[in-house]
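# Observations on the three-dimensional arrangement
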2 protein chains.
Amino acid sequence: MLSKNQQKLVRALAQKKYRKQHGLYLVQGEKNVLELLVAQIEVQQIFATPQFVNTHQNELKHSKVIECDEQSLSKVSTLVSNNAAIAIVPIPEQQSIDKSGLVIALDGVSDPGNLGTIIRVADWYGLKQIIVSEDCADHLNPKVISATMGSFARINVVRTDLSHFLSHYKGAVYGAYLDGQSVHKAEFNQSGVLVMGSESHGIRPHLSQYINQPITIPAFGGAESLNVAMATGIILDNIRRSV
Amino acid sequence: MLSKNQQKLVRALAQKKYRKQHGLYLVQGEKNVLELLVAQIEVQQIFATPQFVNTHQNELKHSKVIECDEQSLSKVSTLVSNNAAIAIVPIPEQQSIDKSGLVIALDGVSDPGNLGTIIRVADWYGLKQIIVSEDCADHLNPKVISATMGSFARINVVRTDLSHFLSHYKGAVYGAYLDGQSVHKAEFNQSGVLVMGSESHGIRPHLSQYINQPITIPAFGGAESLNVAMATGIILDNIRRSV
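Keep in mind the model is a prediction, meaning the values are calculated, not measured.

Moving on, we come to the domain arrangement of chain A. Residue and element names in this part refer to chain A. As assigned here, chain A comprises domain 1 (4-90) and domain 2 (102-240). Between the C-alpha centres of domain 1 and domain 2 there is a distance of 29 Å. With 16 residues of domain 1 at the interface, the matching set in domain 2 holds 13 residues. Of the roughly 1100 Å² buried between domain 1 and domain 2, counting both surfaces, carbon and sulfur atoms make up 61%. Along the contact surface separating domain 1 from domain 2 lie two salt bridges. Put simply, Glu35 and Arg154 hold a salt bridge, and the shortest N to O gap is 2.7 Å. The interface formed by domain 1 and domain 2 contains four residue pairs in polar contact (both at pLDDT 80 or more). Taken together, the elements giving at least two residues each to the side of domain 1 that touches domain 2 come down to α2 (16-22), β1 (24-28) and α3 (30-38).

In structure tokens:
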């Protein structure tokens, strides 16, 4: 069972200010908690159903686990389904940016679902590093982690001043615009930075000066734009097909 | 202002059983209502802010419009933002399936956000026809329409027995599997059917017999799967790049 204080803590961690205050974040749901364990990320506490504990004894052998029924987990969870496990995890210190491969830079992507989906598709295409502007969604938001389907454990997300980063970056800087070179024709490096803007504002002007390869996903129909996560996935597919 | 009865009707239409009962559905938000008008789809009634009415006088000249403040629209809307207009629209009779181009067939895609995103990306790539199994999300669900960002007005969605349809279809039937031919290497026709399964169950066995071209999006990293809407967009991009 979760004590009153534990319930209060789990609920509080849905909010950024309490994550910051406690230095902790939540990982919820069977798939995400398992990926956390597989990646051997330090966990402070796990609450899980007896069934989860039974099935995953091996992965759990170094963890502090409290067994709870699914109903009490659902009561404190922000998920609507799949409440087999909840982990409380210390927020790690921000790591340095790995510039060796392809890096995604997100400018003002504030929707948690989009950020989570971008982390998932970046992981599919083998990226390791995403950098986000200060006004992007918090990558430790439970909705982001849930949308990553476990990929949060393999992608390093660093919040930074994109303008400062790009001004020191030497290499290809791709930026998604509506009037760049077609991604069906562009030649891509397997290292570089791919800058994606928000759906409402695109890439903001202060970053445009750093983009040396503007690119576009060709349109064939009536839609005016694509969702930013969708556009990111399609561009990554075009980059990787030349591997 | 909306009368009590109008408020009740708008709220009811968020639910499928009342949409069916009244033969009506909702289109909400500036972008979606505008696309409805541009496509000259028959509208029963529009509620809109004075600002919306002023800005779009031309598009609105054949419509029955009641002016309301944004606050009263927000009170009945299912959207969290962008409540400049709400339209009540008669559900059209189900149209016949246009088999002339590329058709997407969705098997058990129950998440409204995914269905809406698929309609939007299908429109981007110039498709006209989507068919959905009986257990897919209702394409007239307000969450679906909202996620289409106006593309609902250009894509014909028909609910049908996919097995029956495919058993009579002559042509290429592509199906997304984890072990098909790489979409980076496959040769595509610009007509055919692309079958996409749900994230939890994939393409169900009773449809597999009709798929003559199993395809796969190559993975380069650790993620086990892609969101179904994302996968649909990436496959469409691969099909259209050979145009």
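In this section: the nonpolar core. Of all hydrophobic cores here, the largest spans 76 residues; its most connected members are Leu106, Ile130 and Ile217 of chain A together with Leu106, Ile130 and Ile217 of chain B. In this structure, Tyr25, Leu36, Leu60 and Ala153 of chain A belong to the second largest nonpolar core, which totals 20 residues.

Time to look at the pairing of strand β9 (residues 192-197) of chain A. Residues and elements named next belong to chain A. Counting buried positions along β9 yields six of six residues, so the element is predominantly enclosed. Note that strand β8 (residues 173-182) and β9 share three bridges and pair parallel. Residue Val173 lies in a different strand from β9, and its bridge partner there is Val193.

It is worth spelling out the relation of the copies chain A and chain B at this point. With an RMSD of 0.0 Å, the fit of chain A onto chain B corresponds to turning through 180° and sliding 0.0 Å along the axis. Read as a symmetry element, the transformation amounts to a two-fold axis. Mapped onto chain B, 100% of the interface residues of chain A are again interface residues, and the two copies thus contact each other with one and the same surface.

This part covers the pairing of strand β6 (residues 129-132) of chain A. Residues and elements named next belong to chain A. Burial along β6 is two-sided: the residues Gln129 and Ile131 and Ile130 and Val132 are all buried. The pairing of strand β5 (residues 102-107) with β6 spans four bridges and is parallel. Within the sheet, the bridge partner assigned to Ala105 lies in β6 and is Ile131. As paired strands, β6 and strand β7 (residues 156-159) are joined by four bridges and run parallel to one another. Bridging across to β7, Gln129 finds its partner in Asn156. In this region the chain leaves β6, passes through helix α7 (residues 142-148) and returns to the parallel neighbour β7; the handedness of that crossover is right-handed.

Cut-offs applied
Residues numbered from 1 in each chain as written. Chains lettered and ligands numbered in written order. Predicted model: local features only at pLDDT ≥ 70, side-chain atom pairs only at ≥ 80, totals over all residues. Heavy atoms only, no water. Domains from an automatic or database assignment. Contact = heavy atoms within 4.5 Å. Buried area = accessible area lost by both parts, 1.4 Å probe. Salt bridge = Lys/Arg side-chain N within 4 Å of Asp/Glu carboxyl O. Polar contact = N/O pair within 3.5 Å; in protein donor to acceptor, adjacent residues only side chain to side chain. Helix = DSSP H or I, 4+ residues; strand = E, 2+ residues; numbered from the N terminus. Core = buried A, V, L, I, M, F, W, Y, C linked by side-chain atoms within 4.5 Å. Buried < 20%, exposed > 50% of the residue type's maximum accessible area, 1.4 Å probe, protein only. Pairing = 2+ DSSP bridges. Least-squares fit on C-alpha atoms with pLDDT ≥ 70 in both. Right-handed = clockwise from strand over helix to strand, strands pointing away.

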